[in-house]
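Single-letter residue listing:
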Amino acid sequence: MLVLGFESSCDETGVAMVQTNAAAVPTLLAHALHSQIEMHQAFGGVVPELASRDHIRRVIPLTEQVMSGAGRTLADVDVVAFTRGPGLAGALLVGAGVACALAAALGKPVLGVHHLEGHLLSPFLSADPPEFPFVALLVSGGHTQLMRVQGVGHYELLGESIDDAAGEAFDKSAKLMGLPYPGGPALARLGDNGNPKAYALPRPLLRSSNLDFSFAGLKTAVLVQSQKMVAAGGVKRFEDLPIELHRDLAASTQAAIVEVLVKKSLTALKQTGLSRLVVAGGVGANRNLREQLNAECAKRHIRVHYPELHLCTDNGAMIAMAAAMRLQSGQQTASEVYAFDVKPRWPLDSIQIGR
Ligand code: KG4
Ligand code: ZN
């Protein structure tokens, strides 16, 4: 079965084709991606209306690219999948509208996919796919969650951020340091060359036994620290301080976020008794997080799986893959109702199969 998938929940337009494989994990035949980062950079963040318009401009050329990359025609497509939510309503409507119109024209069914399920299953696109069950650390721009994953569609929320997500903590701290949007990767690059112990920043909820996170206080602590550094340095703006100080504050911020993510993941593994961890979402690309998780998990004989680096952030491949895995599990069928009813807010544990 051939699944064509569309992702348009935020600032990346992604299209991909995946083939199901009765005996094994579905295979990615082709995928194409356009990132809007450059367009939004001038505004310091995503402008929803511009995002929607750009998805409209990009989606057809990307689809043509995928069809020729996969060596298939639209007539070969069996199911059209799209990101139904969560995300920006207007942006989601572009992908949903295109997917439903295409499916209706082809006389094929559609399947709306949960964006976080796409991230969660994205490590199955890697050369070293995980096996169920596992603990998943989902760290995207808008979500930080620990889940117990028994199988496709069987997700139990173990803990989540009560305020900002880890990605937001990276992005907001980076903004305070004058780094361009999206700040996460820029802050990480800067921090990789600094001293992570230079400044003592808070590790919220680190010692609590539950698996919730809280990152909102961290950006306030980064703000206060940067103001102290500006005053001590006798300059007007943080940007005017020597680069070494930028590196040290970035390294200290990254260390605070990573330590919390690593410790909470280890606690989740201990509490569930599972010996496999899957890390997914944009922050999963963070090198420091990967190094520390690898080191701590190796000590405990725990296997860690990540998506390929280029599939950590949003893409169409994970959406086509999640749809294919749902269909292949036989627990869900695609629909011929082309309602394109998107869900900008949509908790992942509400899509439990059998509920
Ligand atoms: O999963 P994603 O592409 O989008 C959402 O679904 O939200 O995640 C984007 C987030 C942003 O906050 C971005 O700054 C962060 O992932 N990110 C990183 C890195 N690469 C992306 N954060 C830290 N280190 C990185 N290398
Ligand atoms: Zn995402």
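Residues numbered from 1 in each chain as written. Chains lettered and ligands numbered in written order. Predicted model: local features only at pLDDT ≥ 70, side-chain atom pairs only at ≥ 80, totals over all residues. Heavy atoms only, no water.

Leu261, Leu277 and Val279 are the most contacted members of the largest nonpolar core, which has 47 residues in total. Residue assignment for this core shows that the elements contributing at least two residues are β6 (134-139), α5 (166-176), α6 (183-191), α7 (216-233), α8 (243-272), β9 (276-280) and α9 (287-299). Top contributing element to this core by residue count: α8, with 11 residues. Beyond its immediate stretch of four places on either side in the chain, Leu277 contacts Val135, Leu137, Ser265, Leu269, Leu293, Cys297, Ile302, Arg303, Val304 and His305. Formed by 35 residues, the second largest nonpolar core is a distinct cluster that contains Val3, Val18, Leu121 and Val278. (Core = buried A, V, L, I, M, F, W, Y, C linked by side-chain atoms within 4.5 Å. Buried < 20%, exposed > 50% of the residue type's maximum accessible area, 1.4 Å probe, protein only. Helix = DSSP H or I, 4+ residues; strand = E, 2+ residues; numbered from the N terminus. Contact = heavy atoms within 4.5 Å.)

Right, let's talk about the coordination of the zinc ion (ligand 2) for a bit. Coordination of the zinc ion (ligand 2) by the protein is provided by His115 (NE2), His119 (NE2) and Asp314 (OD), with metal-donor distances spanning 2.0 to 2.1 Å. Each of the 4 donor atoms around the zinc ion (ligand 2) contributes to a set of angles spanning 94 to 134°, which defines the coordination as tetrahedral. Taken in chain order, the donor set of the zinc ion (ligand 2) reads H-x3-H-x194-D. With His115 and His119 both in helix α4 (residues 115-121), this residue pair falls 4 residues apart, about one helical turn. In this pair, the class of His115 matches that of His119, namely buried. (Donors = N, O, S within 2.8 Å, 3.2 Å for Na, K, Ca; no water. Tetrahedral: all angles 85-135°; square planar, octahedral: opposite > 155°, others 65-115°.)

Around ligand 1 sit 18 residues in total, of which His119, Gly141, Asp171, Gly282 and Asn286 are the nearest. Take Gly282: an N or O atom from its main chain is 3.0 Å from an oxygen atom of ligand 1. Residue Asp314 places a main-chain N or O atom 3.2 Å away from an oxygen atom belonging to ligand 1. Broken down by secondary-structure element, the contributors of at least two residues to the shell around ligand 1 are α4, α5 and α6. For the shell around ligand 1, the two domains that each supply at least three residues are domain 1 (2-122 + 312-351) and domain 2 (133-306). (Near = heavy atom within 4 Å. Polar contact = N/O pair within 3.5 Å; in protein donor to acceptor, adjacent residues only side chain to side chain. Domains from an automatic or database assignment.)

Bringing unusual backbone geometry into the picture now. Omega for the bond connecting Phe132 with Pro133 falls within 30 degrees of zero, at -5°, which places this linkage in the cis form. With respect to the helices and strands, the residue Pro133 is situated in the loop between α4 and β6. A cis amide bond, omega -10°, links Tyr181 with the succeeding residue Pro182. Backbone geometry places Phe340, a non-glycine residue, at a positive phi of 25°. Checked against the element boundaries, Phe340 lands in the segment after α10 (316-328). Accessibility expressed as a relative area gives 39% for Phe340, which makes it partly exposed.

Evaluated as defined, the whole model comprises 17 salt bridges. Its salt-bridge partner being Asp54, residue Arg58 comes within 3.3 Å of it at the nearest N-O pair. Here Asp54 and Arg58 lie together in helix α2 (residues 48-70), a separation of 4 residues that amounts to about one turn. Where Arg287 meets Glu291, a salt bridge forms, and the shortest distance between an N and an O atom there is 2.9 Å. Taken together, the residues span about one helical turn, with Arg287 and Glu291 both in helix α9 at a distance of 4 residues. Judged by relative accessible area, Arg287 falls into the partly exposed class, the value being 48%. Here Glu291 falls in the partly exposed class, since its relative accessible area comes to 43%. When salt bridges with common partners are traced through the structure, they connect Asp164, Glu168, Lys172 and Lys219 into a single cluster. (Salt bridge = Lys/Arg side-chain N within 4 Å of Asp/Glu carboxyl O.)

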